[in-house]
Structure formats: C-alpha cells, structure tokens
Amino acid sequence: QVQLVESGGGLVQAGDSLRLSCAASGLTFRSYTMGWFRQAPGKEREFVAAISRFSITKSYADSARGRFTISRDNAKNTVYLQMNSLKPEDTAVYYCAAKLPAITSYDYWGQGTQVTVSS
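Each chain has its residues counted from 1, following the order in which its sequence is written. Per-residue local features are limited, in this predicted model, to residues with pLDDT of at least 70; the limit for side-chain atom pairs, both in listing and counting, is 80 or more; totals at the level of whole chains, interfaces and linings are taken over all residues. To get the side-chain values, all heavy atoms of the structure are used, and hydrogens and water are removed first.

Draft legend 1. Representation of the side chain of arginine 38. A run of H or I in DSSP counts as a helix once it spans at least four residues, and a run of E counts as a strand once it spans at least two, with each numbered from the N terminus. Tracing the backbone shows arginine 38 in strand β4 (residues 33–39). When a residue's accessible area, from a 1.4 Å probe over protein chains only, is under 20% of the maximum for its type it is buried; when over 50% it is exposed; and in between it is partly exposed. Given the relative accessible area of 7%, arginine 38 is considered buried. In protein, a polar contact requires one atom able to donate a hydrogen and another able to accept it; more generally it is a pair of N or O atoms within 3.5 Å, and residues adjacent in sequence count only if both atoms are side-chain atoms. Separated by 2.6 Å, the side chains of arginine 38 and glutamate 46 make a polar contact. A polar contact is formed between the side chain of arginine 38 and the side chain of serine 63, at a distance of 3.4 Å. Residue contacts follow a heavy-atom distance rule, with two residues in contact if any of their heavy atoms lie within 4.5 Å. In this structure arginine 38 touches Glu44, Arg45, Glu46, Val48, Ser63, Phe68, Glu89, Asp90, Ala92, Val93 and Tyr94, once residues within four positions along its chain are discounted.

Have a look at this one:
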C-alpha cells in the first residue's frame, strides 16, 4: 500500500532552519505531484508548497515564499521542504501529500511531523 513517511521535525528557535523529508513507497513516485501542508493547533490544515513531477513547477503559500524551498529526488522517492528563518507562527504538524497531476485533491497523506519554533 502507499506510504508517505515524514521526518525531520523538531524543536528549534526562531531564525533557525529545518529540513523535512518525506519518503514515499507503494506508488510510482515520479507520476505524482507532491505537496506539503501544515496544521497548527486550533486551525485548519493549510497548503505550504507543491512541486510537479519533474520539479519544473513549484508553488508556495505566501507565508512560505522566500523562506521555504520544496524539492524532490525521484531516484530516492523523496520530497523535501527546506525551511529557513523559521518563525513561531510556523509551529504546526507538517504533512506531505501526493496527487496525480490531473486530479485536484491529494490522494495520499503522511502521518505528519511536528515542527515547534520557540521565540
């Protein structure tokens, strides 16, 4: 079955950096658009970034643009989210997700990794 496993979260201070990873299995990774989402306590899940199958197109939420970078390695079936200049408001559970390019909604989700940014 399809599995998406996130890693790399943790507790950091404001201004620090983290790199999240998401390892995928059970699907043809290069066929899927990959995305990162996050959910803070008491808030709805929100889009962070997405990357097309061969990294040609990347999109970011306004809150992430300029500080976060999404990338992928199709040979390793892994998508990354490099997060720099972290702020306390970036504190959330971060999820990776996969969808086919022609489909609007994401089909597969990971279990999430906690990112906590202290001030």
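Draft legend 2. Region of the structure containing the packing of aromatic side chains. Working definition: rings of Phe, Tyr and Trp (its six-membered ring) pair if their centres are within 6.5 Å, and the pair is stacked with planes under 30 degrees apart, edge-to-face with planes over 60 apart, and tilted otherwise. Inspection of the entire model under this criterion finds 5 aromatic pairs. Their ring planes at 80 degrees and their centres at 5.0 Å tell us that phenylalanine 37 and tyrosine 106 sit as a pair that is edge-to-face. With phenylalanine 37 in strand β4 and tyrosine 106 in the loop between β9 (92–99) and β10 (108–109), this pair connects stretches of sequence that are 69 residues apart. Judged on exposure class, the residue phenylalanine 37 and its partner tyrosine 106 are both buried. With 4.8 Å between their ring centres and 55 degrees between their planes, phenylalanine 37 and tryptophan 109 make a pair best called tilted. One end of the pair, phenylalanine 37, is in strand β4; the other, tryptophan 109, is in strand β10, and 72 residues separate them in sequence. The class of phenylalanine 37 is buried, set by a relative accessible area of 11%. Connected via pairs of aromatic rings, a cluster forms that spans Phe37, Phe47, Tyr106 and Trp109. The ring of tryptophan 109 has arginine 45 sitting right over it, with the charged end atom 3.7 Å from the ring centre. Charge-over-ring contacts are defined here by two conditions on Lys NZ or Arg CZ: a distance within 6 Å of the ring centre and an angle within 35 degrees of the ring normal. The aromatic ring of tyrosine 106 is capped on one face by lysine 99, whose charged end is 5.9 Å from the ring centroid.

Draft legend 3. Seen up close, the nonpolar core. Among the nonpolar cores identified, the biggest contains 29 residues, and Trp36, Val79, Leu81, Met83 and Tyr94 are the most heavily contacted of them. Breaking this core down by element, the ones donating at least two residues are β3 (18–25), β4, β5 (46–51), β7 (68–73), β8 (78–83), β9 and β11 (113–118). Residue contacts for tyrosine 94: discarding those within four places in its chain leaves Glu6, Leu20, Trp36, Phe37, Arg38, Val48, Phe68, Leu81, Met83, Gly112, Thr113 and Val115. Nonpolar cores are built from buried Ala, Val, Leu, Ile, Met, Phe, Trp, Tyr and Cys residues. Side-chain atoms within 4.5 Å join them into one set.

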